[in-house]
Amino acid sequence: MTIKKFTGKTKEEAIAKAKEEFGEGAVVMNVKEVKPSGFFQFFKSVTYEVTAAIEEKEKYAGINLTADEKIMIPPMPQQSVIQGNAKTTVISSAKQQITETAPASAVSSEDIEKRLENLSNMIEKKFQTEESKEKDIPEKTVQNSESFKFMKMLYRTLLDNEVNEKYVNQILEEAEKIANSNNSVDVILSNVYQKMILKFGEPNCIDIEGKKPKVIFFIGPTGVGKTTTIAKIASKYKVEQDKKVAFLTADTYRIAATEQLHIYANILDAPMSIVYSAEELNQAIEKVSDNDLIFVDTAGFSHRNETQRMDTKNLIDGLDEQYEREVFLVLSATTKYKDLLEIVDSYREIAEYKLIFTKLDETSSYGNLLNIRLYSGADLSYIANGQNVPDDIEEFNAQMIVKQLLGGK
Ligand SMILES: Nc1nc2c(ncn2[C@@H]2O[C@H](COP(=O)(O)OP(=O)(O)OP(=O)(O)O)[C@@H](O)[C@H]2O)c(=O)[nH]1
Ligand SMILES: [Mg+2]
């Protein structure tokens, strides 16, 4: 894995530079706002520093980020084996690993170190508790037993966070190769962290550069937050990026549903109309085709309701070919894993979608984000974490979620 920093006037510019050099497989590990300093700081603007990583090219090309993937962990360089000193801090071993695997041109990676340091404190505490329970392990097996206890602790933490056992096993199987090579827990931790970020992949949000107007459908079960999420996202693009937005709703099942979207449209001073069929959809789009983004709200329904499912499918399929479309499946992070599997399967028949998770504020276990990402193979895009429009939404951030899944705060 090669890690390097890129700077730009905006976060997007820095990421674009990373992609230019590393290609589309580049994974953003960290984004930092760099405030100007020094005497002339008031005349300088903020810059952004992005730390990006890339797997070795030939290996990355073969990686499929879906459930049955087999990610090959590059063998650790021999020097990074820290014999008999598993207590070495994450900082030093991660640093050692990074400097050994990165080319000479790569800059240092304090951001990753800082991130891992927090994790390391947490791990260290849990680890000491484990250790005190198993005091009578013979001296010479300490290195192995520490890796073993660490793996056990990791296993429990991921399961506690409701990562499905199948994926926990997959993650640990990968880490086991590192553990068996006598690496310290710190090296194992930094590898698991990086691999989990790769599994999540980059967020795939609305492509605002494409042809205009872009028609964006929001589909999903009842009450997951489709309408609220539309209002949040539309407002973000209108206010922050000066995009022209319009709303359409095909949710004609509930009287209150159209009223809800109407209120948001009024606040944003954006046009809104109701459509009953694909034909009406295309007519309505034509009327607001000078907008950049046209958000289409759909009725929430039980994924077992075949009629409503076909209605939504016909609506999306009926979109005139001249328009670019994106479809987002909105899911609540509080829904049970088993139900989520049925939902993603049944919605797959409607259209190819990207995932939005809502209600992260109502759960402390984010395992389903990884489970569903791996099960469906669909990209994650936004996450919503509260009822406030427009504030409680952000682009999916793999670093934050992986940290939480590994027990960090
Ligand atoms: N806590 C929390 N509540 C949310 C979030 N997103 C939406 N909600 C709430 O969930 C409820 C349902 O939201 P809607 O936007 O009406 O959901 P919907 O998917 O459009 O519902 P239907 O159109 O009936 O299928 C509302 O009370 C929202 O305020 C979130 O991220 N966190
Ligand atoms: Mg709704």
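Residues numbered from 1 in each chain as written. Chains lettered and ligands numbered in written order. Predicted model: local features only at pLDDT ≥ 70, side-chain atom pairs only at ≥ 80, totals over all residues. Heavy atoms only, no water.

**Describing the site of ligand 1**
For ligand 1, the set of nearby residues contains 20 residues, the closest of which are Lys226, Thr227, Thr228, Asp361 and Glu362. Gly225 places a polar main-chain atom, nitrogen or oxygen, 2.9 Å from an oxygen atom of ligand 1. One of the side-chain nitrogen or oxygen atoms of Glu362 is found 2.8 Å away from a nitrogen atom of ligand 1. For ligand 1, whose accessible area on its own is 650 Å², the fraction buried by protein is 84%. The greatest single-element share of the shell around ligand 1, amounting to four residues, is contributed by helix α8 (residues 226-241). (Near = heavy atom within 4 Å. Polar contact = N/O pair within 3.5 Å; in protein donor to acceptor, adjacent residues only side chain to side chain. Areas by Shrake-Rupley, 256 points an atom, 1.4 Å probe, with all protein chains shown as cover. Helix = DSSP H or I, 4+ residues; strand = E, 2+ residues; numbered from the N terminus.)

**Examining the packing of helix α12 (residues 337-348) against helix α13 (residues 367-376)**
Packing of α12 against α13 brings their axes to within 11 Å, and their N-to-C directions diverge by 35°. Between α12 and α13 lies a crossing whose hand is right-handed. Contacts between α12 and α13 involve Tyr337, Leu340, Leu341, Val344, Asp345 and Arg348 from the former and Asn368, Asn371, Ile372, Tyr375 and Ser376 from the latter. The residue inventory of the contact of α12 with α13, partitioned by class, reads six nonpolar, three polar and two charged. (Axes fitted to C-alpha atoms, helices over the stretch in contact; angles between N-to-C directions. Left-handed = near helix turned anticlockwise from the far one by under 90°. Contact = heavy atoms within 4.5 Å. Nonpolar A, V, L, I, M, F, W, Y, C, P; charged D, E, K, R; others polar.)

**Focus on helix α10 (residues 278-287)**
Along α10, the residues classified as buried are Ala278, Leu281, Asn282, Ala284 and Ile285. Mapping the buried residues of α10 onto a view down its axis gives an arc of 165°, with all of them on the same face. In this structure, α10 carries Glu279, Glu286 and Lys287 as exposed residues pointing more than 90 degrees from its buried face. For α10, the elements touching its buried residues are β4 (214-219), β5 (245-249), β6 (272-274), β7 (293-297) and α11 (306-317). (Buried < 20%, exposed > 50% of the residue type's maximum accessible area, 1.4 Å probe, protein only. Arc of directions from axis to C-beta.)

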